[in-house]
Amino acid sequence: VFHGRILARRVVGQETRYEVEVKAPYRHRFPLVSREYLWVPNTCGCPPLREGGEYLLMARRHVNHEHTLNRILLQGDGYARPWTPREARLVREAARHC
């Protein structure tokens, strides 16, 4: 779970790749750097992430069996909500208890 700002969007094959500026990690099992690529396994624009928008994102690290693919994947069971100070406070509180 992290707060990120969408810098760019690009369709690559059957997926969408977003360049994201990581503003603040809240709960993570893998390290994040200041700029990451967030992959969505569709090209329909779902969820609707707009360039310049800030979001609270819950994604997972995806590594294939051959360890040749290592990326952040936003699947249907993840979420992308517009970031607000209230959302940040709620997630920060929840992260302390989990």
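Conventions we followed
- Residues numbered from 1 in each chain as written.
- Predicted model: local features only at pLDDT ≥ 70, side-chain atom pairs only at ≥ 80, totals over all residues.
- Heavy atoms only, no water.
- UniProt positions renumbered as here; feature names shortened; annotations may be inferred.
- Pairing = 2+ DSSP bridges.
- Helix = DSSP H or I, 4+ residues; strand = E, 2+ residues; numbered from the N terminus.
- Buried < 20%, exposed > 50% of the residue type's maximum accessible area, 1.4 Å probe, protein only.
- Contact = heavy atoms within 4.5 Å.
- Core = buried A, V, L, I, M, F, W, Y, C linked by side-chain atoms within 4.5 Å.
- Axes fitted to C-alpha atoms, helices over the stretch in contact; angles between N-to-C directions.
- Phe/Tyr/Trp six-rings, centres within 6.5 Å; stacked < 30°, edge-to-face > 60°.
- Lys NZ or Arg CZ within 6 Å of the ring centre and 35° of its normal.

An unreviewed UniProt entry lists the chain under the name ATL5 protein, with Notiomystis cincta given as the organism. The record held by UniProt for the chain lists under Subcellular location (unreviewed entry) the comment "Secreted".

K.L.:
I'd like a description of the pairing of strand 2 (residues 15-25), backed by residues and values.
P.N.:
Pairing analysis gives ten bridges linking strand 1 (residues 2-12) to strand 2, with the strands arranged antiparallel. Considered in strand 2, the bridge of glycine 4 is made with valine 22. Where strand 1 hands over to strand 2, the hairpin turn is made up of two residues, of which glycine 13 adopts a positive phi near 65°. Alignment of strand 2 against strand 3 (residues 35-40), held across six bridges, turns out to be antiparallel. Looking across to strand 3, one finds that tyrosine 18 is bridged to leucine 38.

K.L.:
Which residues make up the side chain of glutamate 87, and what values go with them?
P.N.:
Along the chain, glutamate 87 turns up in helix 1 (residues 85-97). For glutamate 87, a relative accessible area of 12% gives the class buried. Sequence-distant contacts of glutamate 87, that is, excluding residues within four places in its chain, are made with Leu56, Arg81 and Pro82.

K.L.:
Explain the nonpolar core residue by residue, including any values.
P.N.:
Formed by 14 residues in total, the largest nonpolar core has its most connected members in Ile6, Tyr18, Val20, Leu38, Leu49, Leu57 and Leu74. Where this core is concerned, the elements lending two or more residues are strand 1, strand 2, strand 3 and strand 4 (54-58). Of all the elements, strand 2 adds the most residues to this core, at three residues. Every residue in contact with leucine 49, bar those within four places of it in the chain, is listed here: Ile6, Tyr18, Leu38, Tyr55, Leu74 and Ala80. One finds Tyr26, Leu56, Ala88 and Val91 within the second-largest nonpolar core, a separate group that totals five residues.

K.L.:
Outline the sheet that holds strand 4, supporting the account with residue identities and numerical values.
P.N.:
Think of a sheet as strands paired side by side through backbone hydrogen bonds, with each pair either parallel or antiparallel. One open sheet accounts for seven strands, arranged 5-6-3-2-1-4-7; its pairing is mixed. For this open sheet the edge positions go to strand 5 (60-63) and strand 7 (79-82), each flanked by a neighbour on one side alone. This sheet shows a mean twist of 45° between the axes of neighbouring strands, independent of strand direction.

K.L.:
Please provide a residue-by-residue account of the packing of aromatic side chains, values included.
P.N.:
A ring pair, where both rings are aromatic, is described by two values, the distance of the centres and the angle of the planes. Throughout the structure, instances matching the rule amount to zero aromatic pairs. Directly above the ring of tyrosine 37 sits arginine 17, whose terminal nitrogen or CZ lies 4.2 Å from the centroid.

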